[in-house]
Amino acid sequence: MSKRVLTTESGAPVADNQNSATAGVGGPLLLQDQHLLEKLARFNRERIPERVVHARGSGAYGYFEVTDDVTAYTKADFLGEVGKKTELFIRFSTVADSLGGADAVRDPRGFAVKFYTEEGNYDLVGNNTPVFFIKDPIKFPDFIHSQKRDPFTGKQEADNVWDFWAHAPEATHQITWLMGDRGIPASYRHMNGYGSHTYQWTNEAGEAFFVKYHFKTNQGIRSLSADQAAELVGKDANSHQTDLLQAIERGVSPSWTLYVQVMPAAEAAEYRFNPFDLTKVWPHADYPLQRVGRMVLDRNPDNVFAEVEQAAFSPNNFVPGIGPSPDKMLQGRLFAYADAHRYRLGVNHTQLPVNAPKAVLGGAAENYGRDGAMATRNGSRYDKNYEPNSYQGPAQTETPLSAPLAIHGWTGTHAAPQHTKDDDFFQAGELYRLMSEEEKSRLIANIAGGLSQVSREDVIEKNLAHFAAADAEYGKRVEEAVRALRED
């Protein structure tokens, strides 16, 4: 078998890949050494801007199989028949730290799924918690700034973290999740995933339903204590990546069962909680889980950069039968996610293999977008770049993907509408009261460990008031634990 020939980027054969060209033996390097200059220049450009959030991630390919009939609620083709399988790619991630951060840290986990459906790519972008810290996207940049590295000290600061939360009482519910036992998953395989947001499903008859997605791990929930996590980070900062990679490589295919909660659209206005508030859940007693299918991961990416780092998920990538809700955080992300990828990867990032739709011939979107950096599919001389045209180019279907959303009232910067049981603390208290005594003790210790490091007493007092508003015992125990740590 003949050896493969090493070439330059232009395809010319490389004579020597071990020694640079010099002016005589031991002399200075020559500017004419095209292979050396090309290698160094390319190396300088190997990295792209990392994600501002969700920078540290892992991914895998697999499939989704429908196990239950949900056609009464959605006309989405990939959910239209029991037994139907759809290829998918999933990316798990931490949120706050940089690309070089550790996996086993107390942080929410991103849970983003790209379904390569026959009607286009459907991206479901969620977390491993059913709620989030804020309910309005205008607060998102400030929230993330408070959680990431301080511009002066260059590290995460407890003062910043808890100061923001002191001024965001709606975060109390998510803080209770994050500081509880599930705050540090043992691995990506051993955690649930949630769409978190409220989405809209529309059936063939045009009836609209609001839904929440729940991916329940079939491996069982496993989490780490703070001490276990610290030990694991010291041994293997890439612990979650290692676990996922090795499990799939040895043929252990992790899986999740997908359930949805379904709310008829007409019930949303009078529901006791605002169904579009990302800091709230829908109690299962009100809207029980209904099984949809199962997700299985069975193939690792061949190249982490090409297929994990360059994977782009946008919650505005819908398919017929699925659409947005008035969830304000979701509405903000419809723009922000796609725009982040246009910045990081370029306007033609959907032409990359991991992002390209498989629903159309050649994996190229059928539209009139042309040119831009790294464009690889611009059509032929016969393809026009405008519409309407007389050349049989792609045309609109005149069939909406989802049902229209009713709107009313005046434009303006409005606070979210209040429903009968809406406040910032009730569901946090309900979550606390569901915990066992051992779970409560660990929750209190985790909160106190961070809050006790805050330098300002007024910030501590504001946060203590939030926990007390959720549950009197909750607040008292956190206060006592914080005081004990500050007196040491």
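The rules behind the values
Residues numbered from 1 in each chain as written. Predicted model: local features only at pLDDT ≥ 70, side-chain atom pairs only at ≥ 80, totals over all residues. Heavy atoms only, no water. Axes fitted to C-alpha atoms, helices over the stretch in contact; angles between N-to-C directions. Helix = DSSP H or I, 4+ residues; strand = E, 2+ residues; numbered from the N terminus. Parallel < 35°, antiparallel > 145°, perpendicular 65-115°, else oblique. Left-handed = near helix turned anticlockwise from the far one by under 90°. Contact = heavy atoms within 4.5 Å. Nonpolar A, V, L, I, M, F, W, Y, C, P; charged D, E, K, R; others polar. Salt bridge = Lys/Arg side-chain N within 4 Å of Asp/Glu carboxyl O. Expected span 1.5 Å × (residues − 1). Buried < 20%, exposed > 50% of the residue type's maximum accessible area, 1.4 Å probe, protein only. Arc of directions from axis to C-beta. Phe/Tyr/Trp six-rings, centres within 6.5 Å; stacked < 30°, edge-to-face > 60°. Pairing = 2+ DSSP bridges. Polar contact = N/O pair within 3.5 Å; in protein donor to acceptor, adjacent residues only side chain to side chain. Bend = angle between axes of the 7 residues up to and from the residue.

**Q** Pulling in residues and values, what's your account of the packing of helix H10 (residues 437–451) against helix H12 (residues 472–487)?
**A** Here H10 crosses H12 at 50°, and the two axes come no closer than 9 Å. Relative to H12, the element H10 lies oblique. The handedness of the crossing between H10 and H12 comes out as right-handed. Contact residues: Glu 437, Lys 440, Ser 441, Leu 443, Ile 444, Ile 447, Ala 448, Gly 449 and Leu 451 in H10; Glu 473, Tyr 474, Arg 477, Val 478, Ala 481, Val 482 and Leu 485 in H12. For the contact of H10 with H12, the residue count by class is 10 nonpolar, two polar and four charged.

**Q** Can you lay out the pattern of salt bridges for me, pointing to particular residues and giving the numbers?
**A** Counted under the stated rule, the structure contains 32 salt bridges. One connected set of salt bridges, linked through shared partners, spans Lys 135, Asp 277, Lys 280 and Asp 424.

**Q** Could you give me a rundown of H12, with the residues and numbers involved?
**A** Within an α-helix, residues lying three or four positions from one another point in the same direction, as the helix has 3.6 residues per turn. Taking 1.5 Å per residue as the helical rise, H12 with its 16 residues ought to reach 22 Å, and the 23 Å between its terminal C-alpha atoms agrees with that figure. Within H12, burial applies to Tyr 474, Gly 475, Val 478 and Val 482. Projected down its long axis, H12 carries its buried residues within an arc of 90°, all on one side. In H12, the exposed residues that point more than 90 degrees away from the buried face are Ala 472, Lys 476 and Glu 487. Among the structural elements, helix H4 (172–178), helix H9 (426–434), H10 and helix H11 (457–470) are those in contact with the buried residues of H12.

**Q** Could you give an account of the packing of aromatic side chains, naming the residues involved and the relevant values?
**A** Following the criterion strictly, the structure yields 32 aromatic pairs and no others. Ring centres of Phe 92 and Tyr 188 lie 5.0 Å apart, and the angle between their planes is 10°; on these two criteria the pair is classed as stacked. A residue pair is termed long-range when its members are at least 10 positions apart, and Phe 92 in strand S2 (residues 85–94) and Tyr 188 in the loop between H4 and strand S5 (193–194) qualify at 96 residues. A relative accessible area of 0% means that Phe 92 is categorised as buried. Given a relative accessible area of 0%, Tyr 188 falls into the buried group.

**Q** Account for the packing of H11 against H12, naming residues and giving values.
**A** Where H11 meets H12, the axes come as close as 5 Å, and the angle between the chain directions of the two elements is 150°. Between H11 and H12, the crossing angle belongs to the class labelled roughly antiparallel. Judged by the twist between their axes, the crossing of H11 over H12 is right-handed. In this structure, H11 contributes Glu 457, Ile 460, Glu 461, Leu 464, Phe 467, Ala 468 and Ala 470 to the contact, and H12 contributes Ala 472, Tyr 474, Gly 475, Val 478, Glu 479, Val 482, Arg 483 and Arg 486. Of the residues contributing to the contact of H11 with H12, the split by class is nine nonpolar, one polar and five charged.

**Q** An account of the pairing of strand S8 (residues 255–264) is needed here, citing residue identities and associated values.
**A** Most of S8 is tucked away: eight of the 10 residues are buried. Here strand S7 (residues 208–217) pairs with S8 via nine bridges, running antiparallel. By the bridge assignment, Tyr 213 is partnered in S8 with Val 260. Summarising the sheet, S8 and strand S9 (residues 290–299) pair through six bridges and their orientation is antiparallel. Paired with Trp 256 across the strands is Met 295, a residue of S9.

**Q** Tell me about the side chain of Thr 279, and please be specific about residues and values.
**A** On the secondary structure map, Thr 279 appears in the loop between S8 and S9. A distance of 2.7 Å separates polar atoms of two side chains, one belonging to Thr 279 and the other to Asp 277.

**Q** Give me the pairing of strand S1 (residues 57–66): which residues, what numbers.
**A** Counting buried positions over the 10 residues of S1 gives 10, a clear majority of the element. Strand direction decides the pairing type here: S1 and S2, joined by nine bridges, are antiparallel. Residue Tyr 63 lies in a different strand from S2, and its bridge partner there is Glu 87. Two elements, S1 and S9, share six bridges in a ladder whose sense is antiparallel. Bridge pairing in S9 places Gly 62 opposite Leu 297.

**Q** Explain helix H8 (residues 328–344) to me, and be specific about the residues and the numbers.
**A** For H8, which comprises 17 residues, the first-to-last C-alpha distance of 24 Å matches the rise-based estimate of 24 Å (1.5 Å per residue) to within 8%. At Leu 334, H8 is deflected by roughly 30°, the largest bend along its length. Residues of H8 that are buried include every one of Met 329, Leu 330, Arg 333, Leu 334, Ala 338, His 341 and Arg 344, and no others. Contact partners of the buried residues in H8: helix H2 (140–147), strand S6 (199–202) and helix H7 (304–309). For H8, the capping residue at the N-terminal end is Asp 327, with a side-chain oxygen 3.0 Å from the backbone nitrogen of Met 329. Downstream of H8 by a residue or two, Gly 346 has a phi angle that is positive, lying close to 100°.

**Q** Break down the environment of Gln 34 for me, citing the residues and quoting the values.
**A** Here Gln 34 lies in helix H1 (residues 34–44). A relative accessible area of 39% means that Gln 34 is categorised as partly exposed. Residues Gln 34 and Thr 8, 26 residues apart in the sequence, show an inter-C-alpha distance of 8.6 Å.

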